[in-house]
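So you can see what is in the structure, the chains are spelled out below.
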Amino acid sequence: MEYLLKNATVITMDDNRIFQDTDVLIIGGKIRRIAYGIEPYDVQVIDCKGKYLIPGLIDSHVHMDSNEITEMLLANGVTACRNMWGFPETQQWCREIDEGKRFGSKVYSTGPLTDGQEYWEHSLIVKTPEEGKKAVLDCIRGGYRYVKTYPSIPREAFFKLMDTARNFGIKVVGHGNYHVTFRELMESGYYSLEHASCLPKNPEEIIMLAESGMWFCPTFIVGRTIERYVHLDHNVRETKNYDAMCSYWKRDWDKITAWRKSLHRYDNLDYEEELERARIFARHSDRVLLGTDVPNPGVTGGFSVYEEMELMEEILGYRPYEILLSATVRAAKCLEIESEKGKIAEGMDADLLILEKNPLENIRNANTFTAVIKEGTLYTKEECHQVLERVKNYTDQEICPLM
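So, here is what we can say about the structure in this document. (Residues numbered from 1 in each chain as written. Predicted model: local features only at pLDDT ≥ 70, side-chain atom pairs only at ≥ 80, totals over all residues. Heavy atoms only, no water.)

### Digging into the side chain of serine 192
No. 1: Inspection of the secondary structure assignment puts serine 192 in strand 12 (residues 192-194).
No. 2: A residue is classified by how much of its surface remains accessible, and serine 192, at 0% relative accessible area, is buried.
No. 3: Of the polar contacts made by the side chain of serine 192, one reaches the side chain of glutamate 194; its length is 2.6 Å.
No. 4: The contact partners of serine 192, leaving out residues within four places of it in the chain, are Arg82, Val172, Val173, Gly174, Met214, Trp215, Phe216 and Leu289. (Helix = DSSP H or I, 4+ residues; strand = E, 2+ residues; numbered from the N terminus. Buried < 20%, exposed > 50% of the residue type's maximum accessible area, 1.4 Å probe, protein only. Polar contact = N/O pair within 3.5 Å; in protein donor to acceptor, adjacent residues only side chain to side chain. Contact = heavy atoms within 4.5 Å.)

Right, here's the structure in full:
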């Protein structure tokens, strides 16, 4: 479908300028032209007078642990995401999304979760340098964009993994490594560190990582859910938008929360100390991403993006424009797709949200969309609502859970 969005207030995110009463022409899934008074010719015209256009949102930390996760994301305005644990099944789902056979956001995926011991079931275990090299090569052969590591890979195996990744031009992301120093982690080329809890406790080391150009995805919402539902023993059923998740995830949330409690790992959790580490990083770098870690207990697909926005405002003191940068421009730069996504500019993919209210006045207004456009295909709010209604009633067989 070809569209002409007329008379909109366009927040391009290309810079901090705002264009009033501006038209955006979408042809072939791309933004063809941005100007005043574009003639409609044979395209469908949508009057956006009084409405605001922003780029589609990117969640930089999700898990496609079942096939409906990306449905929930797109139905909530998330047009692209970074999947942090790839399986052959998720690769197939990604292909189906790209071919238009499956409703969902565009996915950029890591390979399997690679660790030195099995903390999570189904992890790929690497203990030797040879296994580290093979993990990277298998990741490339599987068509993944990144290698994802957990922190228990032995030192020599980790260095071999990093050296192989560097030689073959694939980046490594994840939870760092217990067996190397943070300086060694940085010097080895580690690309993105996930979660505030994975930052160093030493402020000087945090500043070193921040100033090195490493990316950081704090995932505040999952940290807060662990504090509430594990450390403080609140009921996970208190989760905002709890009923948006299907019955499988409600049961899984109970199971994972009970397991986490049994570990006693979080008995002495100092969540505020973790937040202060994130603040230090953000004061010394703008390479901060918005990510939610859906579908962890208490993290609801798509809805959680807007909760994370509010937490970035509360915890980091970010203004709305900078929060939107983390969910658009910065995410696209980290994914190395900045020539395709993350901005409203001529030649870019037509990933857009049409909002009722100005998100620069209040970040909560980012969730007032009346339509989502992903690569030129428009979905109305009502169509998105219908997707979410269908998803929450899925059976276990329909969602094909992988874990």
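From this point, the narrative continues.
### Remarks on helix 3 (residues 129-141)
No. 1: For helix 3, which comprises 13 residues, the first-to-last C-alpha distance of 19 Å matches the rise-based estimate of 18 Å (1.5 Å per residue) to within 8%.
No. 2: Burial in helix 3 covers these residues: Gly132, Ala135, Val136, Leu137 and Cys139.
No. 3: At its buried positions, helix 3 is contacted by strand 8 (106-115), strand 9 (124-125), strand 10 (146-149) and helix 4 (155-168).
No. 4: Looking at the residues trailing helix 3, positive phi occurs at glycine 143, about 85°. (Expected span 1.5 Å × (residues − 1).)

### Side note on the state of the cysteines
No. 1: For the coordinates displayed, the defined rule picks out zero disulfides.
No. 2: Lacking any disulfide linkage, cysteine 400 is separated from the closest cysteine sulfur, that of cysteine 246, by 11 Å. (Disulfide = S-S within 2.5 Å.)

### Considerations on unusual backbone geometry
No. 1: Cis rather than trans, the peptide bond between valine 294 and proline 295 has omega equal to 5°.
No. 2: Relative to the assigned elements, proline 295 resides in the loop between helix 9 (271-284) and helix 10 (303-316).
No. 3: Unusually for a residue other than glycine, tyrosine 41 sits at a positive phi of about 50°.
No. 4: Tracing the backbone shows tyrosine 41 in the loop between strand 3 (30-35) and strand 4 (44-47).
No. 5: The backbone of glutamate 375 shows a phi angle near 50°, a positive value even though the residue is not glycine.
No. 6: Relative to the helices and strands, glutamate 375 resides in the loop between strand 15 (369-374) and strand 16 (377-380).

Geometry only, nothing functional implied.
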